2 protein chains.
Amino acid sequence: MDKQPIRLTETVKKGGCAAKLPAGQLRKVLQNLSIPKPASLAVGTETMDDACLWDLGDGRYMIQTLDFFTPIVDDARSFGAIAAANALSDVYAMGGEPKVALTILAFPTAHLPLELLQPLMEGALERITAAGACLGGGHSIDDETLKLGFSVTGFVDKSEAWTNAGAKAGDALILTKALGTGTLMSALKSKKASSEWIDEAIQSMTQLNQVRDLIMGDKINAATDVTGFGLAGHCLQMCRASGVKATIRLSSLPVLAGAMECLNEEILNKAHYSNAAYVDDNVSYSEATASQRWLCVDPQTSGGLLLSVPQSSAQAVLEKIKARFAHAEIIGRIEAGEASIVFEG
Amino acid sequence: MDKQPIRLTETVKKGGCAAKLPAGQLRKVLQNLSIPKPASLAVGTETMDDACLWDLGDGRYMIQTLDFFTPIVDDARSFGAIAAANALSDVYAMGGEPKVALTILAFPTAHLPLELLQPLMEGALERITAAGACLGGGHSIDDETLKLGFSVTGFVDKSEAWTNAGAKAGDALILTKALGTGTLMSALKSKKASSEWIDEAIQSMTQLNQVRDLIMGDKINAATDVTGFGLAGHCLQMCRASGVKATIRLSSLPVLAGAMECLNEEILNKAHYSNAAYVDDNVSYSEATASQRWLCVDPQTSGGLLLSVPQSSAQAVLEKIKARFAHAEIIGRIEAGEASIVFEG
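Each value, and the rule that gives it
- Residues numbered from 1 in each chain as written.
- Chains lettered and ligands numbered in written order.
- Predicted model: local features only at pLDDT ≥ 70, side-chain atom pairs only at ≥ 80, totals over all residues.
- Heavy atoms only, no water.
- Pairing = 2+ DSSP bridges.
- Helix = DSSP H or I, 4+ residues; strand = E, 2+ residues; numbered from the N terminus.
- Axes fitted to C-alpha atoms, helices over the stretch in contact; angles between N-to-C directions.
- Contact = heavy atoms within 4.5 Å.
- Parallel < 35°, antiparallel > 145°, perpendicular 65-115°, else oblique.
- Left-handed = near helix turned anticlockwise from the far one by under 90°.
- Core = buried A, V, L, I, M, F, W, Y, C linked by side-chain atoms within 4.5 Å.
- Buried < 20%, exposed > 50% of the residue type's maximum accessible area, 1.4 Å probe, protein only.
- Polar contact = N/O pair within 3.5 Å; in protein donor to acceptor, adjacent residues only side chain to side chain.
- Expected span 1.5 Å × (residues − 1).

(A) Quick look at the sheet that holds strand β11 (residues 305–310) of chain B. Residue and element names in this part refer to chain B. Within the open sheet, the seven strands sit side by side as β8-β11-β7-β12-β9-β13-β10. Their pairing is mixed. The sheet is open, and its two borders are formed by β8 (222–225) and β10 (283–285), each paired with just one other strand. Between one strand axis and the next, the sheet turns by 20° as a mean value, whatever way the strands run. This element, helix α2 (residues 76–93), spans β8 and β11 of the sheet and lies at about 175° to β8. Packed on one face of the sheet, helix α6 (residues 230–242) meets β7 (171–175), β8, β9 (245–249), β11, β12 (329–335) and β13 (340–344) and runs near 135° to β13.

Here it is in structure tokens:
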């Protein structure tokens, strides 16, 4: 009997950041909780930012974040690499450098051979090491389905920190990676994706969001990374935290190969719907096709950084970023107004 | 129709730290991985310590740890409190003060009402606040079963840090909490536990391992917290990290009410067996009953600290600890020898 290779995506119902709890429901629960915020906690849960900032008292912030999810690809090494790149990204989104990662692992010993841990962790370790960080430990449990992620700590000089709360009217919005991992990974799961599409998407998801070193000295007013809540969800959180409005040009959005084909075929997952509901009251579209609307809420795993940059330097910043992120584009602008997004043609 | 209250333990197969991946298997996987250790990482994965220590370069270590598990009790508020106390404990085990916690949440939206998040997080927040720490964020996913935990960061002056690697021949071993949560929680799940037993166990599991402030200035050669791998498992890890041998007196072990009754009835879970297998080659018993052997490998959730203290000051240290931890006892001693444990009558 031939031994079929294990396809990790077949072991779960939904993968990657698409498995996040719906943003709207999460926001409601958080609003009902009284969460104390000591003076040293410069950024906590209040702005739904990518990570928290803790004042170390020596001119630096400690950046702490965590992320974990179910398999989004079939190959263990790639899944490990994506899980690591995705978790490290939140530190980059605050302008910092990741230093220590701890593993969050749920492993189904009843359904998968423990040997899979080797390529899984090797894939993750390669990315963690490439980021200049190290693995400091972790916690693992036996579970029904595989989940992998990391809690990552990094550091940034206080004067250099980025948050999602500083976007200003007149800024241009730069997105560093192409969109579409949500629909493409759903297509992979239902065997409707070409291997070329998946290979490019994996390349994108494993790329570290190391943007900072390309644009040292350039003014960045706000930053976030685009993950499970999609471009619209994370941009809206930035607008809320900053008290501004965003206008995004659909024609400028970078898109992974195959993503529009998949969206045209309505290859969606639950997060497309919950993301759409989350932003519904605060987003408007003019002349958008159904597929373009889905793209705006497509749940990204290890997506790009969304940077809010003064208009005057935006083109120069984009050119520097393009040296490492070929798909990076200026996708829109920030204006004064109620927290909302207008997607225009 | 009467609406029955939700019993969280009925929603999972096994709860708390009993759901950890078997220590022996985990150790094998870790040994096969090449994990780089930069100079700033004073303690990483190499000694299977409770948390990692990162040199901040200003006289302090950053302590980073994480822990998460399935429901071990039926009440959401208590489960939240236990999950928080358990995660915070690893920072205490390194001699530090916890400062920032991030939530690790897997929630079964298909099986449990989202409203449960409110008491769950309130229970956790109360403990985090009591510890002098704060909630800085987190990550949540939709999953088949409920899991809750925290990634916690704390700090400690370098000269004050405790590790599991400093135990010395001649030390006395102090355990700060009574044993038995593993069998008692299995008894709860199968409805064989009295409510008095469970109440006392919950009280023990929610108690913060704040020991440090009671014994400031006292010399502690090594410390660890006793959790999923049981007293034998965590003590053996301390022996391995320190290159010493431990002798533990069974008659001195503090035990939670009902735990021996449950062990006499062989109310066990999978972790009892995997913990026993993990320590089997390095542990010997003289005159131990079957129940006493199970107690030594009983998987603890939010268990006590195991401290290795110079014999000369052990009694004085114990008296100070007893002011807050009534069950604390001197349970044995450290000797020169191969890493191993002798349990004597």
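(B) The arrangement of the packing of helix α4 (residues 181–189) of chain A against helix α5 (residues 195–206) of chain A in detail. All names here are of chain A. It is at 10 Å that the axes of α4 and α5 come closest, and there the two elements cross at 130°. By the angle between their directions, the pair α4 and α5 is classed as oblique. As for the relative orientation of α4 and α5, their crossing is left-handed in sense. Contact residues: T181, L184, M185 and L188 in α4; W197, I198, A201 and M205 in α5.

(C) Layout of the nonpolar core. Ranked by size, the top nonpolar core spans 59 residues in total, and within it V73, F79, F107, F150 and M185 of chain B carry the most contacts. If one sorts the elements of this core by residue count, α2 of chain B sits on top with 10 residues. Apart from the residues lying within four places of it in its own chain, the contact partners of V73 of chain B are L8, T9, S78, F79, I82, M185, L188, I202 and M205 of chain B. Core analysis: the second largest hydrophobic core is formed by 58 residues, V73, A83, A84 and A101 of chain A among them.

(D) Summary view of the sheet that holds strand β8 (residues 222–225) of chain A. Residue and element names in this part refer to chain A. Ordered in space as β8-β11-β7-β12-β9-β13-β10, the seven strands form an open sheet in which the pairing is mixed. With partners counted over all chains shown, the strands left at the sheet margins are β8 and β10 (283–285), one partner each. Shown here is a sheet whose adjacent strand axes are inclined to one another by a mean of 20°, direction ignored. Contacts from helix α10 (residues 311–322) reach β7 (171–175), β11 (305–310) and β12 (329–335) within the one sheet, and its direction differs from that of β11 by about 140°.

(E) Representation of the side chain of Q237 of chain B within the structure. All names here are of chain B. Position of Q237 relative to the elements: it lies in helix α6. Within polar-contact distance, the side chain of Q237 engages the side chain of Y278 at 3.0 Å. Setting aside residues up to four positions removed in sequence, Q237 forms contacts with T47, M48, N164, F229 and Y278.

(F) How the structure looks around helix α6 (residues 230–242) of chain A. Residue and element names in this part refer to chain A. With 13 residues, α6 extends 18 Å from end C-alpha to end C-alpha; this agrees with the ideal 18 Å at 1.5 Å per step. Extensive coverage of α6 is indicated by the burial of 11 of its 13 residues. At the C-terminal side of α6, G243 shows a positive phi close to 70°.

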